[in-house]
Amino acid sequence: MAIIEVKNLTRKFGDLTAVDDISFTVEEGEVFGFLGPNGAGKTTTINVLCTLLKPTSGEAWLNGHHAVRDQAKVRRSIGLVFQEPSLDDQLTAEENLNFHAILYDIPASARAKRMEEVLKMVELYDRRKDSIKTFSGGMKRRLEIARGLMHYPRVLFLDEPTLGLDPQTRTLIWEYILELREREGITIFLTTHYMDEAEHADRIAIIDYGKIVALDTPDNLRGLVGGDIITVKTTDDQLAAQEISQRFGFQVNEGENGLHFEVQKGEEFIPRFVEQLPLEIHSISLHRPTLDDVFLKFTGRRIRDEELSAKDQWKARMKRQRRPHP
C-alpha cells in the first residue's frame with residue numbers, strides 16, 4: 001500500500017525549475033531514497049511533501065492526506081530531520097524533546113515515557129539533562145532523529161541525514177535508522193548524495209536537474225549498467241579508445257582515471273584484451289557495477305562528495321535550462 005503518492009509534481013522558483021514533472025510512490029514500511037548531487041531537487045521535493053512549499057503544479061498525498069488541502073493532517077503524519085541543524089543549543093536534550101511534544105499536543109502524562117523510549121533508542125538517555133552545547137555532531141543528529149519520532153509519525157523524512165559527519169559516525173547513525181524502521185514499523189524517506197547511504201534503501205530514485213532519471217531497487221539499477229566495468233590507461237588513450245571500439249565493439253567513455261567500458265565476464269576478458277591491444281598498458285582494473293556507475297550511465301557524470309557551491313549549481317542549472325532546444 002502506497003503511503004506517499006506523487007503525480008506530475010513541479011516546483012519553480014522564478015525561471016528555475018527545481019522539480020520537473022516527477023511522479024512516484026512510496027510503499028508503507030519502505031526505506032525510499034532520493035539519490036542525486038547538490039541542487040538536483042531533492043530537498044525541494046521533501047519540502048513540498050512536508051507542506052513547507054506549495055507545488056507550482058501537480059499533486060502529492062501522504063498517508064491519504066493531500067499535501068496542500070490537508071496540511072495539518074500531513075504534518076501530524078510525518079517526522080522531519082532537516083539537512084541543517086535545528087536544535088536549540090540553549091536547552092538540554094530533554095527540554096528540546098519536551099518543547100516538540102508540546103507543539104504536537106502530546107499529553108503531559110505520555111511525554112516522559114515517550115521521551116525515555118526515543119532517547120534510549122538513540123542511546124542518549126544518560127545525556128538527557130545535558131546541554132546541547134556539549135553534544136558532538138553525531139549526537140545532535142541522533143537527538144534530531146529522536147525528536148522526529150516523538151509524535152509517532154507514519155513517515156520519517158531524513159534530508160541528507162549524515163551530511164558533514166565522519167564515516168564512523170555515519171555508520172552508527174544508519175544502525176539507529178534501520179533499527180528504528182524495524183522497531184517502529186515506520187516508512188523512511190531519505191535524500192543523499194552518498195552512494196553507500198543509498199545502498200540502505202529498498203528502492204532508489206535517481207534525480208538530476210529536477211527530473212527522475214531512474215527508479216528501482218539498488219540491485220536492479222546496478223543491473224542496468226550492463227556488465228563489469230574495465231578501466232584502462234595506456235600510452236595513447238585516444239588511439240586505445242578507437243582500438244577498443246573497432247576491435248572489440250565496446251562503447252568507450254573517457255574519465256579522469258582513464259578509459260571506461262562495460263564487458264560481460266570481465267575476469268575472463270582481461271587476459272585476451274591485454275594480449276590483443278596493440279598498445280602498452282600502464283594500468284588496468286575491473287570492478288562490479290555500483291550506484292555511481294548507474295548515475296554515470298544516466299547522467300554522463302559521477303556524483304562527488306564535494307559538489308559545486310550552491311550559487312554555482314544554480315547558475316549551471318539556469319544556463320542548462322536556457323539553452324535552446326534542437
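Colleague: What is the right way to read the sheet that holds strand β5 (residues 65–66) from this model?
Modeller: As a general point, the strands of a sheet are linked pairwise by backbone hydrogen bonds and lie either parallel or antiparallel. Strand order in the open sheet made by the four strands is β2-β1-β4-β5, with antiparallel pairing throughout. The outermost strands of the open sheet, each flanked by one partner alone, are β2 (16–27) and β5. Strand direction decides the pairing type here: strand β4 (residues 57–62) and β5, joined by two bridges, are antiparallel. Residue pairing in the sheet places W61 in a bridge with H66 of β5.

Colleague: What exactly am I supposed to notice about the packing of aromatic side chains here?
Modeller: Any two aromatic rings considered together are summarised by their centre-to-centre distance and by the angle between their planes. Counting across every chain of the model gives 15 aromatic pairs. A ring pair is formed by F248 and F269, whose centres lie 5.4 Å apart and whose planes are at 80 degrees; its orientation type is edge-to-face. A residue pair is termed long-range when its members are at least 10 positions apart, and F248 in helix α9 (residues 237–248) and F269 in helix α10 (residues 266–276) qualify at 21 residues. Note on accessibility: F248 and F269 belong to one class, buried. Looking at R114, its charged tip hangs above the ring of Y152, at a distance of 3.8 Å from the centre.

Colleague: What exactly am I supposed to notice about the packing of helix α4 (residues 108–121) against helix α5 (residues 137–149) here?
Modeller: In a pair of packed helices, the angle between the axes and the distance between the axes together describe the arrangement. Following both chains from N to C, one finds α4 and α5 inclined at 145 degrees, their axes separated by 9 Å at the closest point. Handedness of the α4/α5 crossing: right-handed. Where α4 approaches α5, its residues R114, V118, L119 and M121 are matched on the opposing element by L143, A146 and L149. Tallied by class, the residues present in the contact of α4 with α5 amount to six nonpolar, no polar and one charged.

Colleague: Even after reading the chapter, I still don't get the environment of T191, so can you show me in this structure?
Modeller: Secondary-structure assignment places T191 in strand β8 (residues 187–192). Owing to a relative accessible area of 0%, T191 belongs among the buried residues under this scheme. For T191 and L224, which are 33 residues apart along the polypeptide, the C-alpha to C-alpha distance reads 22 Å. Those residues within four positions of T191 in sequence are excluded, and the remaining contacts are F34, K42, I46, L158, D159, E160 and P161.

Colleague: Where do I start with the pattern of salt bridges in this structure?
Modeller: Working definition: two side chains of opposite charge can pair if their charged atoms are close together. Enumeration over the complete set of coordinates arrives at 24 salt bridges. Where E5 meets K7, a salt bridge forms, and the shortest distance between an N and an O atom there is 3.6 Å. By relative accessible area, which is 30% here, E5 ends up partly exposed. Across the pair R288 and D228 runs a salt bridge, and its minimum N-O distance is 2.5 Å. Here R288, found in the loop between β14 (281–287) and α11 (291–299), pairs with D228, found in strand β11 (residues 228–234); they are 60 residues apart in sequence, far enough to count as distant.

Colleague: Which parts of the structure should I look at to understand the sheet that holds strand β9 (residues 203–208)?
Modeller: Judged by pairing direction, the sheet is mixed, and its six strands sit side by side in the order β6-β7-β8-β3-β9-β10 without closing on themselves. The strands lining the two open edges of the sheet, one partner per strand, are β6 (78–81) and β10 (211–216). Direction aside, neighbouring strands of the sheet carry axes that sit 15 degrees apart on average. Bridge analysis of strand β7 (residues 155–159) against β8 gives five bridges, and the strand direction is parallel. Paired with L158 across the bridge in β8 is L190.

Colleague: Teacher, can you tell me more about the side chain of T51 here?
Modeller: Take T51: it is sitting in the loop between α1 (42–49) and β4. Aside from chain neighbours lying at most four places away, what touches T51 is A67, Q71, V74 and R75.

Parameters and conventions
- Residues numbered from 1 in each chain as written.
- Predicted model: local features only at pLDDT ≥ 70, side-chain atom pairs only at ≥ 80, totals over all residues.
- Heavy atoms only, no water.
- Pairing = 2+ DSSP bridges.
- Helix = DSSP H or I, 4+ residues; strand = E, 2+ residues; numbered from the N terminus.
- Phe/Tyr/Trp six-rings, centres within 6.5 Å; stacked < 30°, edge-to-face > 60°.
- Buried < 20%, exposed > 50% of the residue type's maximum accessible area, 1.4 Å probe, protein only.
- Lys NZ or Arg CZ within 6 Å of the ring centre and 35° of its normal.
- Axes fitted to C-alpha atoms, helices over the stretch in contact; angles between N-to-C directions.
- Left-handed = near helix turned anticlockwise from the far one by under 90°.
- Contact = heavy atoms within 4.5 Å.
- Nonpolar A, V, L, I, M, F, W, Y, C, P; charged D, E, K, R; others polar.
- Salt bridge = Lys/Arg side-chain N within 4 Å of Asp/Glu carboxyl O.

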